[in-house]
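The primary structure of each chain is shown beneath.
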Amino acid sequence: MAGARLREAMSDLAETIRRVFQPPVSHPVPLAWGVPFPGQAPPLAAAVGQPFVPCAATPRQGVLLRGGPVVTAALAFAAAVRGEPGWAAWETGAKVCALPMFRPERCGRLEVPALLRRAATRQVQPEAMTTRTRSGWAAFPLPGSRRVHEELAQPRTFRGLDRVLELPVAVVGEDLAKVSKVLWMRYTLQLVRSTGENIRNLDVIGLYRIPAKGTRQLHHDPATGRLLVTLGPEASGAKRSLFILARRKTDASIVFCFVEEA
C-alpha cells in the first residue's frame, strides 16, 4: 500500500513539473517585405467648376511609385605606387636659400677698443652741498604769568543712606571646608532646635555673616553662591552675626537662623 501511494505521489509531482515547464504556444508570422510595383503619377491639373459651389474632396487612385533607371558604375579599387624625387635631393645636401649679404667675405671686422687699466678721477668741490649761516634771529620773549585767586566751591552733602540701603548687598559665604567638625555639629544642632526640623531632612546651603538688626529681605543666588541682603536704617552700626541657611528636602523651602559662636 505504501509503495502504491508513493508511486501515485511521484506521478502527480512529475505531471505538475511537466505542466509548469511546458513551452508556450507559438504561431508563425510572415516576415516577407512587400515589393513595390513600378509606375508613374500623372501631373497635377486644375479643374474649373461652377461659381458658388462648395468645395468637395474627390478621392482618386494613382500610381506613385515607379522604378528608376539602373546606373552602372565601376566601383573596383586599383592600387598605385608613387615616389617623391624631392626627398633624394635633401639627402644629397640641398640648400633652401643662400643670401649673398651674409657671406663671410662680405662681412666687415669690428674691433673692440681695450679698456683702461686705471680710471681717471676728478676732484671737484660740490657747491650745492655747502651750508650758510645767517645772523639776526630775535630771542624768544619770556612767557607772561598771571595770578588769579579762585576759591573752590563748598561741597554739598545729601542724606542718601535710605537710597543706599534700598539696594541689595551681596554677602560672600564662609568656607565650609575650613569649619571644624565640632563647630559644624554645634551649628547644625542650633539649626534643628530653632527650626524644629530633622537634620536628615535639611540640606545646609552656607554660612554668612550679616547684621543681626535691620535685615529686611534675603535672597540666595545659586549661580554665585552669594546671599543678597536688603538692609534698613537699623543695620547702621549693628554687629554682624553668623547666619546659617538651609533647604528642606521634602518641599525645597528655605529655613534659616542665627547661631552663637564659641
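The paragraphs below set out a description of the structure included in this document. Since this is a predicted model, take the numbers as computed values, not measurements. Residue positions are given per chain, counted from 1 along the sequence in the order it is written. Under the rules for a predicted model, residues below a pLDDT of 70 receive no local features and side-chain atom pairs below 80 are neither given nor counted, while totals for whole chains, interfaces and linings still include all residues. Only hydrogens and water are set aside when side-chain values are computed; all heavy atoms of the structure are taken into account.

## Here's the deal with the nonpolar core
Logical step 1: Take the buried Ala, Val, Leu, Ile, Met, Phe, Trp, Tyr and Cys residues and link them wherever side-chain atoms come within 4.5 Å; each set so joined is a nonpolar core. Type-normalised accessible area, obtained with a 1.4 Å probe on protein chains alone, sets the label of each residue: buried when under 20%, exposed when over 50%, and partly exposed for intermediate values. By size, the foremost hydrophobic cluster in this structure holds 11 residues: Tyr 187, Leu 191, Leu 202, Val 204, Leu 207, Leu 242, Ile 244, Ala 246, Val 255, Cys 257 and Val 259.
Logical step 2: Helix and strand labels come from DSSP, where a helix needs a run of H or I of at least four residues and a strand needs a run of E of at least two; each type is numbered from the N terminus. If you list the elements that add at least two residues to this core, you get helix H4 (181-195), strand S2 (202-211), strand S5 (240-248) and strand S6 (254-259).
Logical step 3: Whether two residues are in contact is decided by their heavy atoms: any pair within 4.5 Å suffices. Setting aside its immediate chain neighbours within four residues, Tyr 187 contacts Val 179, Leu 207, Leu 242, Ile 244, Val 259, Glu 260 and Glu 261.
Logical step 4: The next biggest cluster of nonpolar side chains, apart from the first, holds 10 residues, and it includes Leu 165, Ile 210, Phe 243 and Leu 245.

## Structural notes on the sheet that holds S5
Sheet strands associate in pairs through backbone hydrogen bonding, adopting either a parallel or an antiparallel arrangement.
Logical step 1: Two strands qualify as a pair provided that DSSP identifies no fewer than 2 bridges between them. Across the sheet, which stays open at both edges, the three strands sit in the order S2-S5-S6 with antiparallel pairing between neighbours. Only two strands of the sheet have a single neighbouring strand rather than two, namely S2 and S6. Here the strands of the sheet are splayed against their neighbours by 25° on average, with no regard to which way each runs.
Logical step 2: As defined by bridge partners, S5 adjoins S6 across six bridges and the pair is classed as antiparallel. Residue Ile 244 lies in a different strand from S6, and its bridge partner there is Cys 257. Axis lines are fitted through C-alpha atoms, for helices just across the contact stretch, and the angle between N-to-C directions can take any value from 0 to 180 degrees.

## Focus: the sheet that holds strand S4 (residues 226-231)
Logical step 1: What the three strands build is an open sheet, ordered S1-S4-S3; its pairing is antiparallel. Looking at the sheet topology across the chains shown, the edges are occupied by strand S1 (169-171) and strand S3 (215-221). Ignoring strand direction, the axes of neighbouring strands in this sheet form an average angle of 30°.
Logical step 2: Summarising the sheet, S3 and S4 pair through six bridges and their orientation is antiparallel. Looking at the pairing, His 219 lines up with Leu 228 of S4.

## Observations regarding the environment of Asp 221
Logical step 1: If you trace the backbone, Asp 221 turns up in strand S3.
Logical step 2: Note on Asp 221: relative accessible area 26%, which makes it partly exposed.
Logical step 3: There is a polar contact of 3.0 Å between the side chain of Asp 221 and the side chain of Thr 224. We call two N or O atoms a polar contact when they sit within 3.5 Å, provided that within protein one can donate a hydrogen and the other can accept it, with sequence-adjacent residues counted only if both atoms are side-chain atoms.

## Topic: unusual backbone geometry
Peptide bonds are, in most cases, trans, and in most cases residues other than glycine have a negative phi.
Logical step 1: Phi at Ala 252 is positive, roughly 60°, even though this residue is not glycine.
Logical step 2: Position of Ala 252 among the secondary structure elements: in the loop between S5 and S6.
Logical step 3: Residue class for Ala 252 comes out partly exposed when judged on its relative accessible area of 49%.

## Here's the deal with a nonpolar patch on the surface
Logical step 1: Without a salt bridge and with relative accessible area above 30%, a residue can belong to a patch; like charges are then joined within 9 Å and nonpolar side chains (Val, Leu, Ile, Met, Phe, Trp, Tyr) within 5 Å. In these tables, accessible area is a Shrake-Rupley quantity obtained with a 1.4 Å probe, and a residue counts as shielded only by the protein chains included in the view. By definition here, a salt bridge exists when the distance from a side-chain nitrogen of Lys or Arg to a carboxyl oxygen of Asp or Glu is within 4 Å. On the surface, a cluster of nonpolar side chains totalling about 660 Å² of accessible area is made up of Leu 6, Met 10, Leu 13, Ile 17, Val 20 and Phe 21.
Logical step 2: Considering the arrangement of structural elements, one finds Met 10 in helix H1 (residues 2-20).

## With respect to the pattern of salt bridges
Logical step 1: Tallied over the full model, the rule gives five salt bridges.
Logical step 2: A salt bridge links Glu 174 to Arg 209; its shortest N-O distance comes to 3.2 Å. On the criterion of sequence distance, the pair formed by Glu 174 in the loop between S1 and H4 and Arg 209 in strand S2 is long-range, its members being 35 residues apart.
Logical step 3: Across the pair Arg 248 and Asp 251 runs a salt bridge, and its minimum N-O distance is 3.8 Å.
Logical step 4: Because the salt bridges share partners, they merge into one network encompassing Glu 15, Arg 18 and Arg 19.

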